[in-house]
Amino acid sequence: MPSLVAFPGLAALQGLTGAAPPTGLASAATSPELASAANLALYSSMAVFTITMLLYAAYLAALGPDPSLRRAGEPARELVGAGAGASGTSGSPNPSDAATTGATSELAGASAGSGAGAVVGSGAGAAAGAAGGPSMRARKLAGSAFAMTCLATVLLVASVALRGLSVMRAPWGNMFEFATAGAAAAAVAYCLLARRNRWDWLGLFVVGPILLTLGTSLLAFYTEAAELMPALKSVWLVIHVIVAILAVGLFVIAFSVGILYLIKAHREADANTRPNFLETLPSAASLERTAYGLNMVGFILWTFTLVAGAIWAQKAWGAYWTWDPKEVWTFVVWVVYAAYMHARATAGWEPRKAMWIALAGFGTVIINFAVVNVFFVGQHSYSGL
Amino acid sequence: MSGPNPTPPAPSPGSSPGTQPGGRSGTQPGEIRQPRLGPLGWARWSWRTLTSMRTALFLLLLLSVAAVPGSIFPQRSIDAGRVADYLADSPTTGAWLDRLGFFDVYTSVWFSAIYLLLVVSLVGCIIPRSRLHWHALRSRPPRAPAHLERLQAHTSIPYAGSSAAALASARDILRRKRFRVHSHDEGWVSAESGLLRETGNLLFHVALCIVIVGVAVGHLWGWRGDVIVPEGQTFTSTFRSYHTFSGGPLVDSLDVPPFGLRIDRFDVRFEEVVGGAQFGAPRGFTAYTTTTDAPGEAGAQQVLSVNEPLTLGGADVFLLGNGYAPVVTVRDATGSVLYRQATPFLAQDNFYTSVGAIKVPAASPTMLGFSGFFLPTVDPSFANGPVSQFPALKNPELALSVWEGNLFPGGRSQSVYTLNTTELTQVPKADGQPLLIRLAPGQTYELPGGRGSITFDSVSRFAGLSVRHDPGKGITLVAALLTIAGLVASLLVRRRRIFVRASADPANPSTTLVTVGALSKTADPGLEAALQALAQQIADLSTGAAPAARSQRT
Ligand code: HEM
């Protein structure tokens, strides 16, 4: 046999290659009944999310431009938050602003298990902040919007779980499933954090992207429930992808907060804007800190995603890094967010400029998902399309 | 400025240029005489610019942009075939792109330059920061400022007991909270926590460097060999026995371990139920093998599958390819066997339309060659040409054209999957039309003109194995895990300083007044609450503490 053989087929074959787990018992039956129940739950969840979105929009409208909130009042509130404490309000140890800015430490505490988050917890009773707080009507709207969000989230999580049961595997084996699970992760994160951090104002900006994601994934990425291709049959699918989903969920929320921050910062810089509902959002500085906290935890999870992906690639493809398009973009996402962290830590760099880098980072997340999976040729052929 | 300042607070600013975040080099003290910089001055200026945070930031952004083309254009290191296709399709742009390195992005000069600069910047930034941090770790928490009231957060609380007792409690509580504690003067306690933050940050950056070291080790001493092994055959690993072998510049071909591997059985399963794009998708591949670590050793039964590589003689064996190897027999006119072999055909699409060649140099008077398709599930009408309808063996067929002449022009080695037809002529049918032989398993075709016969005996499968050795991967793995650990510490640990003063209460000299002040290096919304909790704890420890000593603020 000639010794110098071109080996053209191998690269082309890699996408096809796979192997069952050693037991050979891979032929788990898929259950169409469970799969259609999963779809039903998904549609119901989207319906409820739509109502939720309207409620949150109504809530923001009800907040309206509050005449008691002159622009000059902002810095005063900031000072109260950072300095001497809310001497005017009841004995609450947490000045109203600290509760919002607490998002950072809240997240940090939650993921590090350091318990640092405990110091920020402010009761819902403290909701009526120094500035008089939202009207009764607005509060009612926020309450029902939150309840509906929880309902929609339960439905969405049920849909993901049913999908998993219908195929007896982790329900994130193709783009449709990944998008749905990512939306569920963002929804769960919001439900868990919203009350403590008083994120009613954020509701619209979380539920909106979630609905958009679900709609897109149904229209563009829908894939029948089916068994996985062999290269995906690995515990690393569970580890690597679940962390990626969590990271993306955080990036989504951080993206919304980041945009709000830029708008708010723009308004604060401009003295004669007409007051509107944005007035009632937290200050630009605290929005910036919230976005940073979310992005930071997202970045840590993304680093883990990258490393776990490399470990999996080593097992599945024989090399931990081959500059496959998906690897390239995972790396690009990571580097852009690292640049954001640097920009924010660099004295003399405006936080606003840093935030633009974070938004660009989110752009790369979207490309990594929606463009790379579909249009680029690589070994990550799991889109299911 | 809400962005945290990475320089530890104790050393005077500017004492280490490399750690000056955003300190625009060249505007640093002593560097303002820029117009008259000598060579040394320029060198120093370049070094400081290179190691500034701004440059690191710029290089990071540049790196992210530079990585992108490698995902858009085909890369030689991944799929040389697609690069060749691209060059054939658009020769002019292709040639330019090639010259600029767009088909080898990750080894191109510009990409390498960016990441090497980044590494230099990284090292130049780590060294001075490590020095500073080392001093910070060994120095005591600093003396308190005279006026605690001016700190970020502060509070006073009465203490029922002596001031010495108050400070002792404070020390106790702070130690338990893992603060480093020191009293510079009587009546004061200074405490500091969160040096782990900087430790973690340094660990993160150092570990990044080690990741690169691991990658380099793998590049220099690592190797990979690819080989196709049909079912029932044994592969014995030597440097020469691989179909393709590539190794780093420091690889000795004798490093390749001499293991043996026999594919006893190769099970394959495809999606038959679900329609759409999933129809025919691969579902399971399992190779049952007998392996030996070295010649002459007893064989072991092992299962090889994707995600489940084998380790043999220090090298990892991966199942990365698969396909069909029709067993074909060619006889001469007298019926004696000239060729009998399982001949691998390479799949071209998801349904395993496969191409291959059968070379019979022993034929006379001239050599014979067959080339064409193997179709695991054929549409007999060939309505869409010779393409397979399904990847499994539902209705296999071999479709071949026949050539004669010189199979090996120039004696050069060539692909085993195609015929080099420059010195071959196609054998026609009796009526002069090109001959196409279509065989199902078990069928035989008598070649025209007494050239003998060809029999399609059966189909076996082959496994495409990739054998890899990467001595750097352990280093890279450990470093990558350290990166995560460092990052978590760097981003989640909070750096705080707390100062406690205990003195006689000026309003009521018989009691002690404890004043606590705190400051943090980073945005730290929990600081105020932590301070209040600490003051309360100190007060609660006072002998016979009033049940609810309310905090007062000055
Ligand atoms: C491979 C490239 C690099 C990556 C991926 C990277 C990543 C990071 C990350 C994620 C942080 C945490 C940011 C934070 O604490 O908010 C950080 C901090 C830091 N990096 Fe880098 N870095 C790189 C190169 C460099 C270089 C070349 C320098 C030197 C100029 C540098 C200097 C610093 C400093 C001083 C901090 C501390 C910021 C702080 O504590 O707030 N980094 N880096």
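Bear in mind that the values here come from a model prediction, so they are computed numbers and not experimental data.

S.K.: Would you mind showing me how to read the overall build of chain A here?
M.R.: Regarding its fold elements, chain A presents 12 helices and zero strands. Out of the 385 residues in chain A, the part that is buried amounts to 59%. When the accessible surface of chain A is summed, it comes to about 14,400 Å², and 71% of that surface belongs to carbon and sulfur atoms.

S.K.: What's the story with the packing of aromatic side chains in this structure? I'm lost.
M.R.: Geometrically, a pair of aromatic rings is defined through the distance of the ring centres and the angle of the planes. Throughout the structure, instances matching the rule amount to 31 aromatic pairs over all chains. Each ring, one from tyrosine 106 of chain B and one from phenylalanine 111 of chain B, has its centre 5.1 Å from the other, and the planes form 85°; the classification is edge-to-face. Each member of the pair, tyrosine 106 of chain B together with phenylalanine 111 of chain B, is buried. Ring plane angle 55° and centroid distance 6.4 Å describe the contact between tryptophan 223 of chain B and tyrosine 242 of chain B, whose orientation is recorded as tilted. With a gap of 19 residues between them, tryptophan 223 of chain B in strand E4 (residues 223-230) and tyrosine 242 of chain B in the loop between strand E5 (234-236) and strand E6 (244-247) connect regions that are remote in the sequence. As far as burial versus exposure is concerned, tryptophan 223 of chain B and tyrosine 242 of chain B are alike and both buried. By the ring-pair criterion, three or more aromatic residues cluster together here, those being Phe299, Trp321, Trp323, Phe331 and Trp334 of chain A together with Tyr106, Phe111 and Tyr115 of chain B. In this arrangement the basic side chain of arginine 195 of chain A is found over the ring face of phenylalanine 146 of chain A, its NZ or CZ atom lying 4.6 Å from the centre.

S.K.: Before we go on, may I ask you to explain the pattern of salt bridges in this structure?
M.R.: Pairing is possible between side chains of opposite charge, provided their charged atoms come close. With the rule as written, the count across this model stands at 18 salt bridges over all chains. A salt bridge links glutamate 177 of chain A to arginine 163 of chain A; its shortest N-O distance comes to 2.8 Å. One end of the pair, glutamate 177 of chain A, is in helix H7 (residues 175-197); the other, arginine 163 of chain A, is in helix H6 (residues 136-167), with 14 residues separating them in the sequence. For the pair glutamate 177 of chain A and arginine 163 of chain A, one class covers both residues: buried. Between aspartate 226 of chain B and arginine 224 of chain B there is a salt bridge; the shortest N-O distance is 3.0 Å. With relative accessibility at 5%, the residue aspartate 226 of chain B sits in the buried group. Arginine 224 of chain B gets classed as partly exposed once you look at its relative accessible area, which sits at 26%.

S.K.: Can you walk me through the nonpolar core in this structure?
M.R.: Across soluble globular proteins, nonpolar side chains have a tendency to be buried as a group. Ranked by size, the top nonpolar core spans 119 residues in total, and within it Phe49 and Leu202 of chain A carry the most contacts. Among the elements that take part in this core, helix H9 (residues 235-269) of chain A stands out by supplying 17 residues, more than any other. Among residues more than four places away in sequence, those in contact with phenylalanine 49 of chain A are Thr149, Ala152, Thr153, Leu156, Ala187, Val207, Ile210, Leu211 and Leu214 of chain A. Counting residues in each nonpolar core, the second largest holds 48 residues, with Val360, Ala392, Leu398 and Val467 of chain B among its members.

S.K.: Sorry if this is basic, but what is going on with the site of the ligand here?
M.R.: Taken together, the neighbourhood of the ligand is formed by 25 residues, with His342 of chain A together with Ser121, Cys125, Arg129 and His205 of chain B sitting nearest. In this structure, the ligand is bordered by residues of chains A and B. Here histidine 342 of chain A contributes a side-chain N or O atom positioned 2.4 Å from a nitrogen atom of the ligand. Within the residue set of the shell around the ligand, elements represented by two or more residues are helix H10 (284-317) and helix H11 (325-345) of chain A together with helix H2 (53-67), helix H6 (109-138), helix H8 (195-221) and helix H9 (473-492) of chain B. Of the residues belonging to the shell around the ligand, the class tally is 18 nonpolar, six polar and one charged.

S.K.: How do you make sense of the sheet that holds strand E9 (residues 300-304) of chain B when you look at a structure like this?
M.R.: Residues and elements named next belong to chain B. Taken together, the four strands give an open sheet; going across it, the order is E5-E7-E8-E9, and neighbouring strands pair in antiparallel fashion. Edge positions in the sheet fall to E5 and E9, since each of these pairs with one other strand and no more. Looking at each pair of strands side by side, their axes are set apart by 30° on average, direction ignored. Inspection of the sheet shows strand E7 (residues 260-270) paired to strand E8 (residues 282-292) by 10 bridges, in the antiparallel sense. If you follow glycine 260 over to E8, its bridge partner there is threonine 292.

S.K.: Quick question: what am I supposed to make of the side chain of glutamate 192 of chain B here?
M.R.: All names here are of chain B. Relative to the helices and strands, glutamate 192 is located in strand E3 (residues 188-193). A relative accessible area of 4% places glutamate 192 in the buried class. At 3.1 Å, the side chain of glutamate 192 forms a polar contact with the side chain of arginine 495. Apart from the residues within four sequence positions on either side, glutamate 192 is in contact with Pro141, Pro142, Phe179, Arg180, Arg495, Arg496 and Arg497.

S.K.: What is the right way to look at the coordination of the iron atom of the ligand in this model?
M.R.: Ideal geometry at a metal gives 109.5 degrees between four tetrahedral donors and either 90 or 180 degrees between six octahedral ones. Within the protein, His342 of chain A (NE2) and His205 of chain B (NE2) serve as the donor atoms for the iron atom of the ligand, at 2.0 Å. Every donor counted, the six donor atoms about the iron atom of the ligand form angles of 74 to 178° at the centre, which fits octahedral coordination. Taken together, the positions of histidine 342 of chain A in helix H11 and histidine 205 of chain B in helix H8 put the pair across two chains. Taking the relative accessible area as the measure of exposure, histidine 342 of chain A reaches 17% and is therefore buried.

S.K.: Explanation requested: the sheet that holds strand E22 (residues 512-520) of chain B in the structure shown.
M.R.: In any sheet, the strands associate via hydrogen bonds between backbone groups, in a parallel or an antiparallel arrangement. All names here are of chain B. Pairing is antiparallel across the open sheet formed by five strands, whose spatial order is E1-E22-E21-E3-E2. Of all the strands in the sheet, the pair left with one neighbour each is strand E1 (153-159) and strand E2 (180-182). Sheet twist, expressed as the average angle between the axes of neighbouring strands with direction ignored, equals 15°. Both E3 and strand E21 (residues 496-504) contribute to a ladder of six bridges, which runs antiparallel. When the sheet's bridge partners are listed, glutamate 192 is paired in E21 with arginine 497. The strands touched by helix H10 (residues 527-541) within the sheet are E1, E21 and E22, with E1 carrying the most contacts at an inclination of about 15°.

Reading guide: rules and limits
Going along each chain's sequence as written, the residues are numbered from 1 onward. Written order decides the labels, with chains lettered from A and ligands numbered from 1. Selection of residues for local features in this predicted model requires a pLDDT of at least 70, selection of side-chain atom pairs for listing and counting requires 80 or more, and totals for whole chains, interfaces and linings are taken over all residues. As a rule here, side-chain values come from all non-hydrogen atoms in the structure, and water together with hydrogens is ignored. We count a stretch as a helix when DSSP gives it H or I for four or more residues in a row; a strand needs E for two or more, and each element gets its number in order from the N terminus. Type-normalised accessible area, obtained with a 1.4 Å probe on protein chains alone, sets the label of each residue: buried when under 20%, exposed when over 50%, and partly exposed for intermediate values. Accessibility throughout is a Shrake-Rupley quantity obtained with a 1.4 Å probe, and a residue counts as covered only by protein chains that appear here. Each Phe, Tyr or Trp ring (for Trp, its six-membered ring) is paired with any other whose centre lies within 6.5 Å, and the angle between the two planes then decides the class: stacked below 30 degrees, edge-to-face above 60, tilted in between. By definition, being over a ring means that NZ of Lys or CZ of Arg is both within 6 Å of the ring centre and within 35 degrees of the ring normal. Salt bridge, as applied in this entry: a Lys or Arg side-chain nitrogen positioned within 4 Å of an Asp or Glu carboxyl oxygen. For this analysis, a nonpolar core means a set of buried residues of the types Ala, Val, Leu, Ile, Met, Phe, Trp, Tyr and Cys, connected via side-chain atoms within 4.5 Å. We call two residues contacting when some pair of their heavy atoms lies within 4.5 Å. Any residue with at least one heavy atom within 4 Å of a molecule or strand is counted as near it. For this analysis, a polar contact is any N or O atom pair within 3.5 Å, provided that within protein one partner can donate a hydrogen and the other can accept it, and provided that sequence-adjacent residues contribute only side-chain to side-chain pairs. Lys, Arg, Asp and Glu make up the charged group, whereas Ala, Val, Leu, Ile, Met, Phe, Trp, Tyr, Cys and Pro make up the nonpolar group; the residues left over, Gly among them, are polar. Two strands are said to pair when DSSP picks up at least two bridges between them. Axis angles are defined between N-to-C directions and span 0 to 180 degrees, where every axis is a line fitted to C-alpha atoms and, for a helix, only to the segment in contact. Nitrogen, oxygen and sulfur within 2.8 Å of a metal are treated as its donors, or within 3.2 Å for sodium, potassium and calcium (Na, K, Ca); water is not counted, so a site can appear incomplete. Angle rules define the geometry names used: all angles between 85 and 135 degrees makes four donors tetrahedral, while opposite donors over 155 degrees apart and all other angles between 65 and 115 make four donors square planar and six octahedral, leaving every other case irregular.

The analysis is restricted to geometry; functional conclusions fall outside its scope.
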